[in-house]
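Chains, contacts and geometry: an overview
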Amino acid sequence: MELTHFNEQGRARMVDVSDKEISKRTAVARSKVQMDPNTLAAIKAGKIGKGDVMAVAQVAGIMAAKNTSSWIPMCHPLPLTGVDISFSDNSEDELYIEATVKTTGKTGVEMEALTAVSAAALTVYDMCKALQKDMIIGPTMLVSKSGGKNGDYSLEA
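Residues numbered from 1 in each chain as written. Predicted model: local features only at pLDDT ≥ 70, side-chain atom pairs only at ≥ 80, totals over all residues. Heavy atoms only, no water.

Time to look at the nonpolar core. Within the largest apolar cluster, 27 residues are counted, with the highest numbers of intra-cluster contacts made by Val-33, Met-35, Ile-43, Val-53, Ile-97, Val-124 and Cys-128. For this core, the elements supplying multiple residues, two or more each, are strand E1 (23-34), helix H1 (37-45), helix H2 (53-66), strand E3 (94-105) and helix H4 (110-128). Residue contributions to this core peak at 8 residues, all from H4. The residues contacting Val-124, other than those within four sequence positions of it, are Val-33, Met-35, Ile-43, Val-53, Ala-57, Leu-95 and Ile-97. (Core = buried A, V, L, I, M, F, W, Y, C linked by side-chain atoms within 4.5 Å. Buried < 20%, exposed > 50% of the residue type's maximum accessible area, 1.4 Å probe, protein only. Helix = DSSP H or I, 4+ residues; strand = E, 2+ residues; numbered from the N terminus. Contact = heavy atoms within 4.5 Å.)

This is how it looks when you write it as structure tokens:
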């Protein structure tokens, strides 16, 4: 596999996507925040002093997806057509975060989805750190992607 992020001098570059086909692209990423059962119960009951943890984390994830190219140097700024952040839990000590990001363009949105769940997880930590400092974030992973010349990918396949 040829690495495309290097120029002829071996230096980093942003990939030229000028000649790539426009296609519908979707990526789904997932992360987890492991915490004490009391912390998860407080989040679900709305008893965190800083406010509604999942609502704030959801907005943080959306904002992060929209600003990924500001965080990751070789990412192209993309016009996203959709970002959805969802939460679930194991009813004990794990909060799951999933982001689905969509665009119609010449490059994929995998980094936007990964950035979204990372920012949402960090926001959960920030909002709950007064209650618990030893929360664990991760693993964070790409679950699936579709569109583009490299085709579809699914972790669960």
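At a minimum axis distance of 7 Å, the contact between H2 and H4 shows a crossing angle of 145°. The way H2 lies across H4 gives a crossing that is right-handed. In contact with Val-53, Val-56, Ala-57, Ala-60, Gly-61, Ala-64 and Ala-65 of H2, H4 contributes Glu-112, Thr-115, Ala-116, Ala-119, Ala-120, Thr-123, Val-124, Met-127 and Cys-128. (Axes fitted to C-alpha atoms, helices over the stretch in contact; angles between N-to-C directions. Left-handed = near helix turned anticlockwise from the far one by under 90°.)

A few words now on empty space enclosed by the protein. For the structure shown, the criterion picks out 1 cavity of 30 Å³ or more. Considering only enclosed or pocket space, the largest cavity measures out at about 30 Å³ in volume. Surrounding the largest cavity, Ala-65, Lys-66, Thr-68, Ser-69, His-76, Pro-77, Leu-78, Leu-80 and Glu-112 form its lining. When residues of the lining of the largest cavity are traced back to their parent elements, those giving at least two are H2 and helix H3 (68-71). (1 Å grid on protein atoms, 1.4 Å probe; cavity = no way out; pocket = protein on both sides within 12 Å on 5 of 7 lines; lining within 4 Å. Points joined across faces, edges and corners; volume = space filled by probe spheres on them.)

Take Thr-68: it is sitting in helix H3. The residues touching Thr-68, leaving out its near neighbours within four places in the chain, are Cys-75, Met-111, Glu-112 and Thr-115.

That bond from Gly-138 to Pro-139 is cis: its omega, 5°, falls within 30 degrees of zero. Looking at the element boundaries, Pro-139 is found in the loop between strand E4 (136-137) and strand E5 (141-146). The phi torsion at Ser-91 lies on the positive side, around 60°, for a residue other than glycine. If you trace the backbone, Ser-91 turns up in the loop between strand E2 (80-89) and E3. Overall, the relative accessible area of 63% leaves Ser-91 in the exposed class.

Okay, the pairing of E3 next. Pairing between E1 and E3: 12 bridges, direction antiparallel. Bridge pairing in E3 places Val-28 opposite Thr-100. Note that E2 and E3 share 9 bridges and pair antiparallel. The partner of Leu-80 across the bridge, within E3, is Thr-103. Once E2 ends, the chain turns through 4 residues before running back antiparallel as E3, passing Ser-91 with a positive phi of about 60°. (Pairing = 2+ DSSP bridges.)

The subject of this paragraph is the pattern of salt bridges. Enumeration according to the criterion identifies 5 salt bridges in this entry. Taking the shortest distance from any N to any O, the salt bridge between Glu-98 and Arg-30 comes out at 2.9 Å. One end of the pair, Glu-98, is in strand E3; the other, Arg-30, is in strand E1, with 68 residues separating them in the sequence. Close ionic contact of Lys-50 with Asp-126 constitutes a salt bridge, the shortest N to O distance being 3.5 Å. (Salt bridge = Lys/Arg side-chain N within 4 Å of Asp/Glu carboxyl O.)

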